[in-house]
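Analysis of the macromolecular model
These are the residues of each chain, in order.
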Amino acid sequence: MIFSAAITLWIAAISLLPVFYGQEWLPSVTEAATFTAFLLLGFIVLDNIFRYFSPKKSQWWLLISFPLVTGLTLAYISQKTITLLLPSASEYLLFTDNLLPVKGFIAVLVLLAWSILLVLNSRIEEQIDIKERLSKIEEMSREAELHQLRQQLQPHFLFNSLNSVSALIKSDPERAREMIFQLADFLRGTIQNNKKWLTLKSELEHLELFLSIEKVRFGHRLETILEIDSETDQLTIPQLLLQPLVENAIKHGLYGVTGDVLIKIRAQYRPGNLEILIENPFNPDSGKAKGSGFGLEVVARRLFLIFGRNDLLNTREDGHIFTVQVKIPQIAEK
């Protein structure tokens, strides 16, 4: 509708010029309609040219040449068409012959503006396409790295568990057998669940399997307390986010600490975030356990790749207690 209104206004405007000089309405409107039709044809021709061809900076002359040649050609053809349509209007034809340079100038000017708009639009669309492709590549790269990080967790934990099973086979075959069954259940749950996000309740059920394996490994020395607010059960969390942190806490807590080791896991809701605290005792004089930073590094990297933030994982030491704080923003759609 807008396009039709614009054409009507254009015809009316260019029809007024001959009338202003005392010419009749009918030939004026006929010429205006004819000239407009050829001008629209020029729009179509240039649209097809610049849709598939975008001139480079060194080819700027093409941006002028195409509308120049097209405009002058169409103005000339338009004039010849009027001669065929109005053979008896000799006085009017003489008048329009004198207006031919003006019509040519108008046609070139309008088509040049149209060409510039087409090229600019093409460049903008090209930039948008490039940005979308880069965004897609970045997203695929991020997903690949996240997948790689998740895949690293299973062998890391599996090797530790298999070493413990190997050590228990001779000294305590029954416990070794129990640990193998628990390990099978844990890995089966990990493989079958391909969701990127789980509810905290589901993640904790999976974590319980992991803790049962660790308690077989370390015996009565390992104790765990879970303090989970009921309102956090349905909050969401990336799959396998807690397991490497708890594994790190167990290793860090058992290294250089005598007696029982208590691991506390607390979950609570803070406006917009699921906050999880993992506490373990440690001996600051015994140094760091070998490889104890693996879980922290993996989780910090995963959180950055998912949320683009570096402030979601924090650690602190308070006396002989080491605390890891994780904040997981709750997004409406994942």
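Keep in mind it's a predicted model, so treat the numbers as computed, not measured. Residue indices follow the written sequence of each chain, beginning from 1 at its first position. The predicted nature of this model means local features are confined to residues of pLDDT at least 70 and side-chain atom pairs, given and counted, to a pLDDT of 80 or more, with totals for whole chains, interfaces and linings taken over all residues. Processing note: side-chain calculations cover all non-hydrogen atoms of the structure and skip hydrogens and water entirely.

Focus on the overall build of the protein
Put simply, the rule reads: Strands are runs of DSSP state E lasting at least 2 residues, helices are runs of H or I lasting at least 4, and numbering of each runs from the N terminus. Between buried and exposed lies partly exposed: a residue is buried under 20% and exposed over 50% of the maximum accessible area for its type, with that area taken using a 1.4 Å probe on protein chains only. Here a residue-residue contact requires only that any non-hydrogen atoms of the pair lie within 4.5 Å. Only the protein chains shown count as cover for residues, and all accessible areas are computed by the Shrake-Rupley method using a 1.4 Å probe.
If you tally the helices and strands in the protein, you get 8 helices and 7 strands. A total of 334 residues make up the protein; the buried ones form 39% of that total. Sequence-distant contacts, at least 24 apart, represent 75% of the contacts inside the protein between residues at least 6 apart. Taken as a whole, the protein presents about 19,400 Å² of accessible surface, with 61% of it coming from carbon and sulfur.

Concerning the pattern of salt bridges
Defined as follows: When a carboxyl oxygen of Asp or Glu lies within 4 Å of a side-chain nitrogen of Lys or Arg, that pair is called a salt bridge.
Here the structure, examined in full by the defined rule, presents 3 salt bridges. Across the pair arginine 177 and glutamate 174 runs a salt bridge, and its minimum N-O distance is 3.9 Å. Residue arginine 177 and its partner glutamate 174 are located together in helix H5 (residues 173-192), separated by 3 residues, close to a single helical turn. Given a relative accessible area of 48%, arginine 177 falls into the partly exposed group. When its relative accessible area of 52% is taken as the criterion, glutamate 174 is described as exposed. Residue arginine 266 is joined to glutamate 279 by a salt bridge in which the shortest nitrogen-to-oxygen separation is 2.8 Å. Of the two residues, arginine 266 is situated in strand S4 (residues 261-270) and glutamate 279 in strand S5 (residues 273-281); the sequence distance between them amounts to 13 residues. In this structure arginine 266 comes out as partly exposed when scored by relative accessible area, which is 27%.

Thoughts on the packing of aromatic side chains
For the record, the criterion: Aromatic rings from Phe, Tyr and Trp, with only the six-membered ring used for Trp, were paired whenever their centres fell within 6.5 Å, and each pair was classed as stacked if the ring planes differed by under 30 degrees, edge-to-face if by over 60, and tilted otherwise.
Applying the stated criterion to the full structure yields 3 aromatic pairs. Their ring planes at 80° and their centres at 5.9 Å tell us that tryptophan 197 and phenylalanine 307 sit as a pair that is edge-to-face. In this pair, tryptophan 197 sits in strand S1 (residues 197-199) while phenylalanine 307 sits in helix H8 (residues 294-307), placing the two residues 110 residues apart along the sequence. Looking at tryptophan 197, the relative accessible area reads 19%, which means it is buried. Residue phenylalanine 307 is classed as buried on the basis of its relative accessible area of 16%. With a centroid separation of 6.2 Å and 75° between ring planes, the pair formed by phenylalanine 282 and phenylalanine 322 is classed as edge-to-face. Taken together, the residues phenylalanine 282 in the loop between S5 and H8 and phenylalanine 322 in strand S7 (residues 321-329) connect sequence positions 40 residues apart.

On their own, these measurements won't tell you what the molecule is for.
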